[in-house]
Amino acid sequence: MEQHAVEQHGKAEPAGLDVVVTTMASDSHTWNLVFLQLLLEELGHRVTNLGACVPDELLVAECRRIEPDLIVLSSVNGHGFHDGLRVIAALRARPELARTPTVIGGKLGIAGTGTPARQHRLLAAGFDGVFEEGGSVLDFQAFVGSLPAGSRALPTGPGVLPAGSGVLL
């Protein structure tokens, strides 16, 4: 039987990021996750969408298993700030996830868009980016574009984006 050689062009390794997209345990919304998944895939990234109402323990276990380059937490129900503080503590408590770039966004509070103090508190708790509703998709894309594939660590550390940057996640 004759074997044919396959000619390979371009990079041998995929250039995109491995991204986990999810809501938190109290948030049952999914349209935001579908939007994020499609946006990230259009940018050339591989996305694992964990869906809505993800318990903290499941999120941590799946991130440990997948070893993503980026974790994106999205909230629509207005409880993202409080839920996010709890979730980032659980993620950062795991040594293998302590440096994984992690962002949060969407409707993070029930009283409208955030204040700089709320954004600073989320960054101080361990998030690498905060993207509140009403912000620019371009800011989120710029953040994602700044991450090197496969490194699982930020190139310049927490708070890469200005505190006012944001997008509805």
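Described in the following lines is the structure provided in the data block. (Residues numbered from 1 in each chain as written. Predicted model: local features only at pLDDT ≥ 70, side-chain atom pairs only at ≥ 80, totals over all residues. Heavy atoms only, no water.)

Attention now goes to the nonpolar core. Residues L59, C63, L73, L91, I104 and L122 are the most contacted members of the largest nonpolar core, which totals 20 residues. Of all elements in the fold, only α2 (56-66), β3 (70-75), α3 (80-92) and α4 (116-125) reach the threshold of two or more residues within this core. Among the elements that make up this core, the one with the highest residue count is α3 (five residues). Contact partners of C63, with chain neighbours within four places excluded, come to V20, P68, I71, L91 and L97. Judged by nonpolar contacts, the second largest core, of 16 residues, contains L17, L36, L40 and L147. (Core = buried A, V, L, I, M, F, W, Y, C linked by side-chain atoms within 4.5 Å. Buried < 20%, exposed > 50% of the residue type's maximum accessible area, 1.4 Å probe, protein only. Helix = DSSP H or I, 4+ residues; strand = E, 2+ residues; numbered from the N terminus. Contact = heavy atoms within 4.5 Å.)

Turning to the packing of helix α1 (residues 31-42) against helix α5 (residues 137-145), a few remarks are in order. Packing of α1 against α5 brings their axes to within 12 Å, and their N-to-C directions diverge by 55°. Classified by the angle between their axes, α1 and α5 sit oblique to one another. In terms of crossing hand, the pair formed by α1 and α5 is right-handed. Between α1 and α5, the residues in contact are F35, L36, L39 and L40 and V137, F140, Q141 and V144, respectively. Among the residues making up the contact of α1 with α5, the classes are represented as seven nonpolar, one polar and no charged. (Axes fitted to C-alpha atoms, helices over the stretch in contact; angles between N-to-C directions. Parallel < 35°, antiparallel > 145°, perpendicular 65-115°, else oblique. Left-handed = near helix turned anticlockwise from the far one by under 90°. Nonpolar A, V, L, I, M, F, W, Y, C, P; charged D, E, K, R; others polar.)

So, on to α5. Those residues of α5 not exposed but buried are F140, F143 and V144. Angularly, the buried residues of α5 cover 95° about the axis, an arc narrow enough to put them on a single face. Turned more than 90 degrees away from the buried face of α5 sit L138 and G145, all of them exposed. Where α5 is buried, its residues touch α1, β3, β4 (102-106) and β5 (129-132). At the N-terminal end of α5, a side-chain oxygen is found 3.0 Å from the backbone nitrogen of L138, two or three residues along, and the residue is S136. (Arc of directions from axis to C-beta. Polar contact = N/O pair within 3.5 Å; in protein donor to acceptor, adjacent residues only side chain to side chain.)

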